[in-house]
Amino acid sequence: LPARAELARLLPEGTVVEPSAHHLHDATEAQGLAGHADAVALPETTAEVATVVAWCYEHDVAIVPRGGGTGYAGGAVPDGGVVLSLERMRAVRALDAPLWRAHVEAGLPTAQLQRVARENGLWFPPDPGAAEQSQLGGNIATNAGGPHAFKYGVTGRWVTGIEAVVPPGEAITAGGPVRKDAAGYDLRGLLVGSEGTLGVITAAWLRLIPAPEAALPVAALYADTGAGCAAVEAVMAAGVPAAALEFLDAGAIRVAGGAFPVPLPDNAQFMVVAEADGSLDEARRVRAELTEVLAPAALTLHAPETRADVAALWRWRDGVSLAVASAHGGKVSEDIAIPVEHLREAIEATLEIGARHDLAACSWGHAGDGNLHSTFMLDRSDPAALARADRAAGELFALALRTGGSISGEHGVGTVKRGALREALGDRGLALHRGIKHAFDPKGLMNPGKLVP
Ligand SMILES: Cc1cc2nc3c(=O)[nH]c(=O)nc-3n(C[C@H](O)[C@H](O)[C@H](O)COP(=O)(O)OP(=O)(O)OC[C@H]3O[C@@H](n4cnc5c(N)ncnc54)[C@H](O)[C@@H]3O)c2cc1C
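Small disclaimer: the values here were computed from a predicted structure and weren't measured. (Residues numbered from 1 in each chain as written. Predicted model: local features only at pLDDT ≥ 70, side-chain atom pairs only at ≥ 80, totals over all residues. Heavy atoms only, no water.)

A.B. asks: So what about helix α14 (residues 421-440)? Which residues, and what values?
C.D. replies: Working note: α-helix, 3.6 residues per turn, so residues spaced by three or four point in the same direction. Here α14 spans only 20 Å end to end across 20 residues, well under the 28 Å set by a 1.5 Å rise per residue. The principal kink in α14, of about 95°, is found at D427. All of the buried residues along α14 are L421, G429, L430, K437 and F440. (Helix = DSSP H or I, 4+ residues; strand = E, 2+ residues; numbered from the N terminus. Expected span 1.5 Å × (residues − 1). Bend = angle between axes of the 7 residues up to and from the residue. Buried < 20%, exposed > 50% of the residue type's maximum accessible area, 1.4 Å probe, protein only.)

A.B. asks: Tell me about the environment of A389, residues and numbers included.
C.D. replies: Among the secondary structure elements, A389 is positioned in helix α13 (residues 383-402). For A389, a relative accessible area of 0% corresponds to the buried category. With 81 residues separating them in the primary sequence, A389 and A308 have C-alpha atoms 39 Å apart.

A.B. asks: With reference to specific residues and values, describe the site of the ligand.
C.D. replies: Surveying the vicinity of the ligand reveals 34 residues, the closest of which are P65, G68, T70, G71 and N139. Within the backbone of P65, a nitrogen or oxygen atom sits 2.7 Å from an oxygen atom of the ligand. In isolation the ligand offers 970 Å² of accessible surface; the protein chains occlude 95% of this area. Among the secondary structure elements, those contributing two or more residues to the shell around the ligand are β3 (63-66), α4 (136-142) and β10 (200-207). (Near = heavy atom within 4 Å. Polar contact = N/O pair within 3.5 Å; in protein donor to acceptor, adjacent residues only side chain to side chain. Areas by Shrake-Rupley, 256 points an atom, 1.4 Å probe, with all protein chains shown as cover.)

A.B. asks: Lay out helix α2 (residues 46-58) with the relevant residues and their values.
C.D. replies: Here α2 is 13 residues long and its end C-alpha atoms lie 18 Å apart, about the 18 Å a rise of 1.5 Å per residue gives. Taken together, the buried positions of α2 are T46, E48, V49, A50, V52, V53, W55, C56 and Y57. D60 occupies a position one or two residues after α2 and carries a positive phi of about 55°.

A.B. asks: Could you give an account of the pattern of salt bridges, with specific residues and numbers?
C.D. replies: This structure, assessed with the given rule, holds 19 salt bridges. When the shortest N-O distance is used, the salt bridge between D186 and R188 registers 3.3 Å. Using a relative accessible area of 43% as the deciding quantity, one classes D186 as partly exposed. With relative accessibility at 18%, the residue R188 sits in the buried group. Note that R356 is salt-bridged to E352, the shortest N-O span being 2.7 Å. Placement of both R356 and E352 in helix α12 (residues 343-356) is noted, with a separation of four residues, approximately one turn of the helix. Overlapping salt bridges bring together R93, E105 and E163 as one network. (Salt bridge = Lys/Arg side-chain N within 4 Å of Asp/Glu carboxyl O.)

Structure below.
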């Protein structure tokens, strides 16, 4: 193919390869999505990224930036063109431990950054679920969250600077190692959450913080959704500074509860997982406060003490998404965000909408942030079920917007939520999005068809 042959001539041997299945899908595979591409480029340097973008831009070829392919919005699924995968750009360019700062390449897996930070007594709090596979560039491009976003905020809050290659093939930096920057429009902020539609993120300067000495979670089980949601609100109303405040509804407990580190009561219909962190004394004190608020209406509590038991609880939490996906062989999983006082309404509406569309449904997610993974479980090879799930998702989006929320709390828009963006942004908001897209990418070749409809 011309793109492959031409790019191969411009780049070191082995940099441009034939597309394999691995590079043609992301986590929306669970709903049967896969793409096609003319070539896959695996650059090792920012200069090589610029070469790819420049050639594609000159020859009107689409560029699809790709991180770890764990996205849930179809953002990395190509519809032709060149997949530009950052997987070989995984260097830690600098880790300035005394300055609480890292400068890393975009392809660095999230978990590797977390490990390097820990080895230096520091911590990078954003913790999206698939940390071994997802990359910093992908996290920035989707502004990923995770359980600890409740206290520490989403990825963008930890990014002080971005190096990116933008059309027609030029490397820029927006921000840098500085902790504050009020000079001009926030180009860094525009690249955060841009889903590959404005440029290719090649590196980032990240803020780190000293690692808390201890993190002590507590899981509380309730007999119904009302009691569980009331407990979530009670934690906030009591002013307890929880680091994470998660939930699972009855359906999620049904499919994932069997693997919970300890046996769960048969009548458990709702779970809250909260975490206290800080110095050991502080974590113990905050967990005691959490327990005081969560316990009165709870059936049981599980409060692991040792590092191994704490890790086991979070490992289990990380596996919830896959457990739900395997229950029926596939799923359509949304990530609406609603004001937290509407949590119960959204959890119940997920089941009601699912039932009306003849789909098994459940939800779990980041309760404190009002961010639900409302999910319809289905057989991914059943087109009729997928079509019903699409209509059901539309009703979820309407609910989110009606309550003052968002169609996406953390996964982004990609292709799967593109159709709902006009309603979410309004006409003027959408026009501004189009203007920004045009300013960066006048030919519309950066991840075309994603985010901006
Ligand atoms: C089991 C599981 C659990 C998850 N849990 C969470 C969670 O708790 N919170 C959360 O927010 N997400 C979660 N996710 C979704 C996913 O992990 C995050 O969105 C993740 O940050 C995506 O990173 P990635 O490197 O895999 O990106 P990809 O899927 O490869 O790409 C995502 C988007 O970013 C763009 N992109 C990727 N890299 C770049 C780059 N270098 N420059 C420009 N654009 C780029 C792509 O074009 C695409 O539009 C989960 C996913 C799985 C499978």
